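Architecture and fold: a report
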Amino acid sequence: MRIIKTKQVIDVLRRAEALPAVLLDLVDDYFLLPIS
């Protein structure tokens, strides 16, 4: 199990094709949300 804390981890998972691209896109979008 891996905890995604940074965008770099998303990039690693994307290159390794460890998760579906659609799921990684959703998580990537979450990182771009403004902090409230």
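Just above sits the structure.
Just so it is clear, the structure is predicted and the values come from calculations on it, not from any experiment. (Residues numbered from 1 in each chain as written. Predicted model: local features only at pLDDT ≥ 70, side-chain atom pairs only at ≥ 80, totals over all residues. Heavy atoms only, no water.)

1. Things to note about unusual backbone geometry
The condition is simple: Strands are runs of DSSP state E lasting at least 2 residues, helices are runs of H or I lasting at least 4, and numbering of each runs from the N terminus. Here's how the labels work: a residue is buried when its accessible area is under 20% of the maximum for its type, exposed when over 50%, partly exposed in between, all with a 1.4 Å probe on protein chains only.
Although it is not a glycine, Glu17 sits at a positive phi angle of roughly 55°. Relative to the assigned elements, Glu17 resides in the loop between helix H1 (7-16) and helix H2 (21-31). With relative accessibility at 69%, the residue Glu17 sits in the exposed group.

2. Things to note about the pattern of salt bridges
The condition is simple: What makes a salt bridge here is a side-chain nitrogen of Lys or Arg within 4 Å of a carboxyl oxygen of Asp or Glu, nothing more.
For the structure on display, the rule yields three salt bridges. Here Asp25 ties to Arg14 by a salt bridge, and the two come within 3.0 Å at their closest N and O atoms. Of this pair, Asp25 sits in helix H2 while Arg14 sits in helix H1; the two residues are eleven residues apart in sequence, bridging distant segments of the chain. Classification of Asp25 by relative accessible area gives partly exposed; the value is 37%. Relative accessible area serves as the criterion here: at 30%, Arg14 is assigned to the partly exposed category. The salt bridge involving Asp28 is made with Arg14; its shortest N-O contact spans 3.9 Å. Here Asp28, found in helix H2, pairs with Arg14, found in helix H1; they are 14 residues apart in sequence, far enough to count as distant.

None of the figures reported here should be taken as evidence of function without further support.
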